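# Summary of structural features
Listed below, chain by chain, are the residues.
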Amino acid sequence: MQKNVDVLIVGGGPTGMALALELATQGASFRIIDKATERSPYSRALVVQPRTLELFNRHAGSGIEDLVAAGKRAAGATMCVSGKKVVDIDVDSVKIPGTKYPFSMTITQNETEHWLEKALAKHSVQVEMGVEAKDIAQDADGVTVTTSTKDGVEEEIRAKYVVGADGAHSVVRHAAKNLTFDGDAYPQEFICADTFMESKLPGGRAYMCLGNGAFIVLPLKDGRVRLVVSRPNQDTSRAPKLEDFEEFMQEIFPGGGSLHDPTWVTHFRLHHRCVNNFRDGRLFVAGDASNIHSPAGGQSLNSGIQDSINLGWKLAAVLRGEKPDSFLDTYHTERHRIAQFLLNNTDKAFTYVTSTNPIYLFLRNNILPWVLPLVATNKSRLLKQFQFISQLRVRYRHSDIVGTADGFYGPIKGGDRAVDGGLKTPQGEIWMLDLLTPTNHHLMLFSGSGDNYATEADLNGSEALFLNNTKTAAKVHQIFSEGRNAEAEYVDVEGALHKAFGFTDPGYVLIRPDGYIAHIGPLTAIEEATRWL
Ligand SMILES: Cc1cc2nc3c(=O)[nH]c(=O)nc-3n(C[C@H](O)[C@H](O)[C@H](O)COP(=O)(O)OP(=O)(O)OC[C@H]3O[C@@H](n4cnc5c(N)ncnc54)[C@H](O)[C@@H]3O)c2cc1C
């Protein structure tokens with residue numbers, strides 16, 4: 001194994017492996033180590049969100065279809081309050097527009113990790129299991145990491161940068177002198193079980209039952225369910241038993257049935273904490289090493305993966321010498337705000353579900369049966385919630401490295417996710433997302449949908465102007481409105497993309513390797529785009 005690498009990734013969980021996939025695709029020199037000798041058979045995270053699937057889709061040949069096939073789409077949720085069913089929420093009735101993956105997926109963390117391992121194997125990369133980072137010291141030129149195996153074999157690895165994807169107790173974060181991890185533990189203790197449940201209730205649904213505590217049922221793929229329970233007066237001095245769940249079920253979960261053959265019964269405490277900075281010199285933190293919050297909404301695993309995708313292309317650009325080291329500061333600028341936002345929102349959801357304040361509980365349990373049916377049948381409200389949970393709304397408008405051309409007032413701005421839509425090609429229909437790759441910027445030139453549309457010659461002129469003025473690798477794609485160019489390689493199906501971006505007149509979207517918009521504007525401002533690569 002190489003003793004000198006550009007990047008050492010400490011931690012081979014979902015965050016570390018997602019970063020490894022980005023760096024492998026970019027051809028960067030790196031190693032990835034994990035102190036565990038084998039992967040845990042138990043699954044913590046259960047949900048993969050649409051944005052994560054979109055971002056993995058950038059890796060053509062990674063077998064994204066296998067990941068989707070391994071997951072189970074959430075069919076819907078039933079809400080119960082004080083032992084009575086209040087409302088069914090039908091997930092299928094609210095379609096998220098503009099994405100190839102309009103569904104959250106239930107899939108065990110082990111399966112997601114297994115998929116990442118297979119995707120890495122295609123680049124001949126393996127997580128070095130059983131290798132623990134013990135000591136980490138950075139200096140002006142690099143970082144020296146002393147590692148040790150279970151048998152006590154030590155090694156010194158020298159890296160230009162070290163990324164701590166090593167979970168909540170991160171050694172990388174501890175080694176970074178300027179990082180704090182502020183926050184607290186929630187007072188409640190949770191009990192959790194993966195088990196079979198015999199019940200007359202429709203399967204494949206999630207159930208959220210509130211009362212004097214909370215009882216949450218999430219469907220797993222093989223007929224089992226995940227139970228997550230906050231129960232008052234639970235004896236926390238001993239390990240939980242299946243009977244604890246069954247007892248509470250009678251009280252709070254109407255028609256819950258009986259439980260048998262658990263594969264995992266555990267208890268845990270949750271924390272809400274975030275680092276003050278995602279970077280300290282040559283050390284970076286990502287995923288649970290940078291922020292931890294309640295699993296409400298199934299966000300953490302997904303946001304760790306987004307951390308890695310944000311950092312991966314930036315590290316590669318700096319290592320290739322295309323960008324100065326200070327470019328890496330934008331990793332903190334962009335991801336810290338997202339972490340804070342998630343922390344605040346999951347904290348609100350958590351308090352709402354698990355509060356033990358008797359006055360609050362009385363009000364909540366009496367008001368909810370009236371309010372929930374109204375909220376649950378309000379489709380635009382539900383859509384907004386789903387879009388937040390799906391992480392399709394993540395955006396970096398506040399970042400210095402994204403922009404919007406002066407005078408462009410379309411609904412999508414620099415820093416937003418590149419919305420998706422169908423494209424007709426001579427070979428059949430694809431999604432615009434399918435054109436994006438993790439190694440390049442992509443410039444999308446749009447003909448415009450109005451009378452003032454651009455011809456192929458106009459777009460060719462803009463393409464040449466752009467390519468002549470840029471040294472950074474970028475791919476250009478021309479997208480025409482229907483009926484504008486019979487020879488077009490890509491035609492915007494029903495004008496959905498033109499509409500979404502606000503391109504009645506011709507326009508361009510410059511998309512970063514991580515799928516976010518570096519710059520957007522009218523075609524007349526195309527020269528500006530080259531400055532945002
Ligand atoms: C009960 C429960 C339910 C959850 N449900 C969800 C959910 O539904 N959706 C969701 O998105 N998230 C959920 N989460 C959170 C999710 O599991 C984590 O956010 C996710 O695992 C974070 O991934 P990570 O790679 O950042 O860290 P981890 O998965 O913790 O991986 C860190 C890795 O670093 C390794 N490591 C640690 N120290 C060292 C060292 N010194 N040297 C080398 N290696 C080291 C560890 O062995 C580990 O493999 C849940 C968490 C819990 C506890």
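Residues numbered from 1 in each chain as written. Predicted model: local features only at pLDDT ≥ 70, side-chain atom pairs only at ≥ 80, totals over all residues. Heavy atoms only, no water.

### Considerations on unusual backbone geometry
- Phi at Ser 82 is positive, roughly 50°, even though this residue is not glycine.
- Note on placement: Ser 82 falls in the loop between strand 5 (76–81) and strand 6 (84–90).
- Look at Ser 82 and you get partly exposed, because its relative accessible area is 44%. (Helix = DSSP H or I, 4+ residues; strand = E, 2+ residues; numbered from the N terminus. Buried < 20%, exposed > 50% of the residue type's maximum accessible area, 1.4 Å probe, protein only.)

### Some thoughts on the domain arrangement of the chain
- Entries for the chain in the domain assignment read domain 1 (4–75 + 103–182 + 272–355) and domain 2 (403–532).
- A straight line from the C-alpha centre of domain 1 to that of domain 2 covers 31 Å.
- Counting residues at the interface gives 16 residues for domain 1 and 14 residues for domain 2.
- For the pair domain 1 and domain 2, the summed buried area comes to about 1300 Å², and 50% of that belongs to carbon and sulfur atoms.
- The three residues of domain 1 that bury the most area against domain 2 are Arg 51, Arg 58 and Trp 313, which together make up 46% of that side's buried surface.
- Our enumeration of links across domain 1 and domain 2 arrives at 2 salt bridges.
- Where Arg 417 meets Glu 54, a salt bridge forms, and the shortest distance between an N and an O atom there is 2.8 Å.
- Linking domain 1 to domain 2 there are 9 residue pairs in polar contact (both at pLDDT 80 or more).
- Taken together, the elements giving at least two residues each to the side of domain 1 that touches domain 2 come down to helix 1 (14–26), helix 2 (50–57) and helix 7 (300–319).
- Looking at the side of domain 1 that touches domain 2 element by element, the count peaks at 5 residues for helix 7. (Domains from an automatic or database assignment. Contact = heavy atoms within 4.5 Å. Buried area = accessible area lost by both parts, 1.4 Å probe. Salt bridge = Lys/Arg side-chain N within 4 Å of Asp/Glu carboxyl O. Polar contact = N/O pair within 3.5 Å; in protein donor to acceptor, adjacent residues only side chain to side chain.)

### Considerations on the site of the ligand
- Neighbouring the ligand are 30 residues, the closest being Thr 15, Asp 34, Arg 44, Asp 288 and Leu 301.
- Interatomic distance of 2.7 Å between a side-chain N/O atom of Thr 15 and an oxygen atom of the ligand.
- A distance of 2.6 Å separates an oxygen atom of the ligand from a polar side-chain atom of Arg 44.
- Those elements that provide at least two residues to the shell around the ligand are helix 1, strand 2 (30–34), strand 9 (131–138) and helix 7.
- Residue composition of the shell around the ligand, grouped by class: 14 nonpolar, 10 polar and 6 charged. (Near = heavy atom within 4 Å. Nonpolar A, V, L, I, M, F, W, Y, C, P; charged D, E, K, R; others polar.)

### Considerations on the pattern of salt bridges
- Taken as a whole, this structure holds 29 salt bridges when the rule is applied.
- Two residues, Lys 134 and Glu 132, come together in a salt bridge whose shortest N-O distance is 3.7 Å.
- Overlapping salt bridges, with partners in common, bring together Arg 231, Asp 235, Arg 238, Asp 244 and Glu 247 in one network.

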